[in-house]
Amino acid sequence: MPQLGETVTEGTVTRWFKAVGDQVARDEPLFEVSTDKVDSEVPAPASGVLAEILVAEGDTVDVGTRLAVIGDSAGAPEPAPAPAGAEAAPASVPAAAPAAEAAPPTPPPAPAATPVAPPAPVPAPPAPPAPQAAAVSAPAGTVLSPMVRKLIADHGLDAASIPGTGVGGRITREDVEAAAGAPPAPGTAPAAPVAPAVPAPPPPATVVSGRDEIVPFSNIRRRTAEHMVRSKATSAHTLMVKEADYERVEQVRREHGRRFADEEGFNLTYLPFAARATVEALAEFPHLNASVGDDALIVHRDVHLGIAVDLDNEGLIVPVVHHAEELTLRGMARRIRDLADRARARRLSADDISGGTFSITNAGPFGTLITGAIINQPQVAILSTDGVSRKPVVIEAADGSEAIAIHSVGLLAATFDHRAVDGAYVARFLARVASLLAERDWAAEL
């Protein structure tokens, strides 16, 4: 099973193009696989005869799982390649390995470490009312991050006994995990096991009546649900909203929209303007074009802009406009339209959905007011461009007096990870996006 996307961990075989005993040519489409990101035809990595099919149509398996065996022309299976021979397979399809040896990719580390040793069978003493992290003491001059302090408390370790490998001898997460996995020093009493966390009660059972319809989750709906729950559990989601004046954008659409549609074959919407303004603002506020690493913020210098696309109510996918900082307004509109069309036709490649650094979701065509979108991991922010409508606004006249005018106005709603940045930073970013939409000479750029 190939890895079709950097965050994809499994795929569903939806169709085999060959049956057992059929002749197969190298690079000929062999099977079709569906993931939460993309549907793709996978080529055969070698020529020969399809000797075995190990995963049936409709089965979902982990990336790296052995799916089939291609034998030589006499029908005998070819020997499994050695690990060093992975170059024999095309880059898009990992070299096959026996099913017993295949291992799914290691998932990202969970936010809280689990105890090293299982709890003893005897009941654990009741936990003290104060948080465990408060009991952690460190030698004078040693700085412990909240995460490291919690890990030390969870493992029942002594900070003074953990050698720090970070800058200036600082104790890192890896230092704590290494100390937790090391055997105790001679003469040292083992740490008492940590009481297991009390599991959350299961949700109440749903009562199904005779008139209810049960709609099984599709593969893309199931994967989307898992990704959304994981994102909420990972990031400290915070919502901030800013009103934006689209009147100058509206004027350009009125004056040049018909000619643009004749030249490009599609309408000029608000989205390319918002995308261009966002990319330019990210150059001034780069910490939103970033990912959270291990006790650090990874700032990306290239802007790879994800654009959420609805697949006709069947699911959601976020293709990526790579190097969006290099595009003009017209180029941005073309790229967004191309990705959206290919997404709905299920013709995206793995590269089209990989590497995003910031995302935009555009519910505006449906007249939404405010959308609190969920962050697309491992990014730290997502911007929702909601509905634009005609409203009375107060404007300043040339003589300094105020007047009421009718303008096109919409809201920009940013969901950001409060671990990465603070509200003031995001407020300035949104103000910059709004000012670009209101003041930029869009006609000249178009």
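Quick note: structure is the one above.
These notes cover the structure that comes with them. (Residues numbered from 1 in each chain as written. Predicted model: local features only at pLDDT ≥ 70, side-chain atom pairs only at ≥ 80, totals over all residues. Heavy atoms only, no water.)

## Thoughts on the nonpolar core
The test is simple: Take the buried residues of types Ala, Val, Leu, Ile, Met, Phe, Trp, Tyr and Cys, join any two whose side-chain atoms come within 4.5 Å, and each joined set is a nonpolar core. To sort residues, take the accessible area from a 1.4 Å probe on protein chains only and compare it with the maximum for the residue type: under 20% means buried, over 50% means exposed, and anything in between is partly exposed. It only takes one pair of heavy atoms within 4.5 Å for two residues to be counted as in contact.
Of all hydrophobic cores here, the largest spans 73 residues; its most connected members are L305 and L437. Ignoring sequence-local partners within four residues, the contact set of L305 consists of A275, V279, P319, V320, V321, A324, M332, F358 and I360. Core analysis: the second largest hydrophobic core is formed by seven residues, V148, L151, I152 and I171 among them.

## Overview of helix α7 (residues 423-439)
Definition in use: Runs of H or I in DSSP of at least four residues are treated as helices and runs of E of at least two as strands, each being numbered from the N terminus. Expected helix span is given by 1.5 Å per residue-to-residue step, counting one fewer step than there are residues.
For α7, spanning 17 residues, the distance from its first C-alpha to its last is 24 Å, which sits close to the expected 24 Å at 1.5 Å a residue. Taken residue by residue, α7 has G423, V426, F429, L430, V433, A434, S435, L436 and L437 as its buried positions.

## Quick look at the environment of I162
Turning to its location among the elements, I162 is positioned in the loop between α1 (146-155) and α2 (173-181). For the pair I162 and A178, spaced 16 residues apart in sequence, the C-alpha to C-alpha distance is 9.0 Å. In this structure, I162 is in contact with I152, L157, I171, D175, V176 and A179, ignoring residues within four places of it in sequence.

## Some thoughts on the sheet that holds strand β17 (residues 402-417)
The following threshold applies: Note on pairing: DSSP must find at least two bridges between two strands before they are called paired. Convention adopted: a line fitted to C-alpha atoms gives each axis, helices being fitted over their contacting stretch, and angles between N-to-C directions are expressed from 0 to 180 degrees.
Across the sheet, six strands lie side by side as β8-β17-β16-β15-β11-β14; this open sheet has mixed pairing. Both edges of this open sheet fall to β8 (237-245) and β14 (320-321), since each of them pairs with a single strand only. Across three bridges, the pairing between strand β11 (residues 305-307) and strand β15 (residues 358-361) is parallel. Pairing of L305 across the sheet is with F358, part of β15. Together, β11, β15 and β16 (381-396) form the strand contacts of helix α5 (residues 271-284), whose direction differs from that of β15 by roughly 155°.

## Brief notes about the pattern of salt bridges
It is possible for side chains of opposite charge to pair when their charged atoms get near one another. Just so we agree on the cut-off: Put simply, a salt bridge is a Lys or Arg side-chain nitrogen that is within 4 Å of an Asp or Glu carboxyl oxygen.
Per the stated rule, a full pass over the model turns up 20 salt bridges. Taking the shortest distance from any N to any O, the salt bridge between R223 and E10 comes out at 2.6 Å. Taken together, the residues R223 in helix α3 (residues 219-234) and E10 in strand β1 (residues 10-16) connect sequence positions 213 residues apart. Just as R223 is buried, E10 falls in that class too. For E250, the salt bridge is made with R253, and the minimal N-O distance between the two is 3.2 Å. Residue E250 and its partner R253 are both found in helix α4 (residues 247-264); the two are separated by three residues, about one turn of the helix. For R253, a relative accessible area of 24% translates into the label partly exposed. Here the residues in one salt-bridge network are R259, E263, E264, R330 and R334, joined through shared partners.

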